[in-house]
Amino acid sequence: MSASLPSLVPLLREFSGGATRSAASLARDAGRSPLEVRRGVASLRELGVDLHAVRGKGYRAASPFEMLDQRTICAALAKARKPGEAAIDVSVLDEVDSTNAYLLREAAAGAPSGRAAVAEIQTAGRGRRGRTWYSVPGASLAFSMLWRFPQRLDFLAGLSLAAGVAVVRVLHRIGAREARLKWPNDIVHRHHKLAGILVETQGGQGGPSIAVVGVGINLRLPRAVRDLIDQAVADVASLAPALPGRNHLAAMFLAELARVLEQFAAGGFNALREEWAALHAYQGQAVRVHCAGNENVMGRVTGVAGDGALLVATEAGERRFYSGEISLRAA
Ligand code: BTN
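These figures come from a predicted structure and were not determined experimentally.

K.L.:
Sorry, what's going on with the pattern of salt bridges here?
P.N.:
Applying the stated criterion to the full structure yields 21 salt bridges. In this structure, glutamate 325 and arginine 129 form a salt bridge, with 3.4 Å as the shortest nitrogen-oxygen distance. With a gap of 196 residues between them, glutamate 325 in strand β14 (residues 325–328) and arginine 129 in the loop between β4 (115–122) and β5 (140–149) connect regions that are remote in the sequence. For glutamate 325, a relative accessible area of 22% translates into the label partly exposed. With a closest N to O distance of 3.0 Å, aspartate 235 and arginine 226 form a salt bridge. One network of salt bridges, with partners in common, ties together Glu85, Arg169, Arg173, Glu256, Arg259 and Glu275.

K.L.:
Just checking my understanding: could you explain the environment of histidine 52 for this structure?
P.N.:
On the secondary structure map, histidine 52 appears in strand β1 (residues 51–54). Sequence spacing of histidine 52 and alanine 62 is 10 residues, and the spatial spacing of their C-alpha atoms is 6.3 Å. Non-local contacts of histidine 52, meaning those with residues more than four positions away in its chain, are made with Arg45, Gly58, Tyr59, Arg60 and Ala62.

K.L.:
Help me understand the packing of helix α6 (residues 159–173) against helix α8 (residues 246–267) in this model?
P.N.:
Helix-helix packing is characterised by the crossing angle of the two axes and by the distance between the axes. Packing of α6 against α8 brings their axes to within 9 Å, and their N-to-C directions diverge by 140°. With respect to their mutual orientation, α6 and α8 come out oblique. In this structure, α6 meets α8 at a crossing whose hand is right-handed. Counting all contacts with α6, which are made through Leu159, Ala162, Ala163, Ala166, Val167, Arg169, Val170, Leu171 and Arg173, the residues of α8 involved are Met252, Phe253, Glu256, Leu257, Val260, Leu261, Gln263 and Phe264. Of the residues belonging to the contact of α6 with α8, the class tally is 13 nonpolar, 1 polar and 3 charged.

K.L.:
Quick question: what am I supposed to make of the pairing of strand β8 (residues 192–203) here?
P.N.:
Along any regular strand, the residues point their side chains to alternate faces of the sheet. One ladder, built from 4 bridges, connects strand β7 (residues 186–189) with β8; its direction is antiparallel. Considered in β8, the bridge of histidine 189 is made with histidine 192. Remark: 2 residues form the turn of the hairpin made by β7 and β8, two consecutive strands paired antiparallel; arginine 190 in that turn has positive phi of roughly 45°. The pairing of β8 with strand β9 (residues 209–218) spans 9 bridges and is classified as antiparallel. In the strand pairing of β9, alanine 195 is matched with isoleucine 217. Turn length for the β8-β9 hairpin, with the two strands adjacent in sequence and antiparallel, is 5 residues, and the turn residue glycine 207 shows positive phi of about 80°.

K.L.:
It is not clear to me how the environment of alanine 62 should be interpreted in this structure. Could you clarify?
P.N.:
Summarising the element assignment, alanine 62 is placed in the loop between β2 (58–61) and α4 (70–80). Between the C-alpha atom of alanine 62 and that of phenylalanine 15, which follows or precedes it by 47 residues, the distance is 9.5 Å. The residues touching alanine 62, leaving out its near neighbours within four places in the chain, are Asp50 and His52.

K.L.:
What is the right way to look at the site of the ligand in this model?
P.N.:
Around the ligand sit 20 residues, and of these Ser98, Gln122, Arg126, Arg128 and Lys193 come closest. One of the side-chain N or O atoms of threonine 99 is found 3.0 Å from a nitrogen atom in the ligand. Here the ligand has 410 Å² of accessible area as a free molecule, and 98% of this is covered by the chains. Looking at the shell around the ligand, the elements with two or more residues in it are α5 (99–108), β5, β8 and β9. When residues in the shell around the ligand are grouped by element, the largest group, 4 residues, is from β8. Here the residues of the shell around the ligand are counted per class, giving 6 nonpolar, 10 polar and 4 charged.

K.L.:
I keep staring at the sheet that holds β8 and nothing clicks. Help me out?
P.N.:
Sheets are built from strands paired through backbone hydrogen bonds, the pairs being either parallel or antiparallel. If you walk across this open sheet you meet the 7 strands as β3-β4-β5-β9-β8-β7-β6, and the pairing is mixed. Edge positions in the sheet fall to β3 (89–96) and β6 (180–182), since each of these pairs with one other strand and no more. Across the sheet, the mean angle separating the axes of adjacent strands is 25° when strand polarity is ignored. Its contacts with the sheet place α4 against β3 and β4, and it is angled at close to 150° to β3.

Analysis parameters
Residues numbered from 1 in each chain as written. Predicted model: local features only at pLDDT ≥ 70, side-chain atom pairs only at ≥ 80, totals over all residues. Heavy atoms only, no water. Salt bridge = Lys/Arg side-chain N within 4 Å of Asp/Glu carboxyl O. Helix = DSSP H or I, 4+ residues; strand = E, 2+ residues; numbered from the N terminus. Buried < 20%, exposed > 50% of the residue type's maximum accessible area, 1.4 Å probe, protein only. Contact = heavy atoms within 4.5 Å. Axes fitted to C-alpha atoms, helices over the stretch in contact; angles between N-to-C directions. Parallel < 35°, antiparallel > 145°, perpendicular 65-115°, else oblique. Left-handed = near helix turned anticlockwise from the far one by under 90°. Nonpolar A, V, L, I, M, F, W, Y, C, P; charged D, E, K, R; others polar. Pairing = 2+ DSSP bridges. Near = heavy atom within 4 Å. Polar contact = N/O pair within 3.5 Å; in protein donor to acceptor, adjacent residues only side chain to side chain. Areas by Shrake-Rupley, 256 points an atom, 1.4 Å probe, with all protein chains shown as cover.

As structure tokens, this is what we get:
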């Protein structure tokens, strides 16, 4: 979508309550033409928003959803944070290229640890390995947090794994008790991806260093979107019987992420290593590790090292992996 087009967020908001709205009434309320409204509806559908056409009446969202709201998130954050915990300064953005890119710009302008951003629409969401990350407006969460570390860059090894622990802690708390981690930093349910983490770091070898931790979570994925994604995906709504509203959820994830970042700053990944391994869906499993250079290594996962490396027992002894993709090997 081009930056010169009107934001889609006001139109999205009109559908959030679940009412059926005609193009004419939407156009009247928004001061736009019915043609512009129809184009907006088409763009929202392209982004994955599940809007049904109701014959002779207009359009309706498949299910109602909560729009992101700065005040509600801040109020929920104030309740979620414990005394003495670091401050979180969150911006709720209607639309941004990527919350990670936004916070890297904020970092360059001097923003401190705890600066965070949550976006309704990302126009250039970034995934791992240069992939694009698609989030569905109204049905996903996309947020990032900036943290500054006095340590050098190599201290941050394992940070993306640590962030996964924060996400799973919250998922378990809201009832999605079968959510697990997949090395290096996916959150899965029965090997279907629920959420992903992208950590982008900067710094010199002598320190200090900064990290922007970005998290994308599938809350309620329409079937059409699932079919478009080229990997097995799941959503939190299918696992958590009473899913809290998106603002409350955003506050819970941000508060837990800040907690884990503080823990990490004090003790590195070692402080979270055992908890991580206990949550790993592939712990003790026979796997294939697909590494750079198209090498496939077979073995059994024994754990994870203090620097975040995956430990795999192979016929040739224990091997450590710092990158790659794992998959289950048939028994
Ligand atoms: C992955 O490929 O699994 C990582 C996905 C990370 C997506 C999140 S959404 C919020 C933040 N902003 C981005 O551009 N990416 C991350």
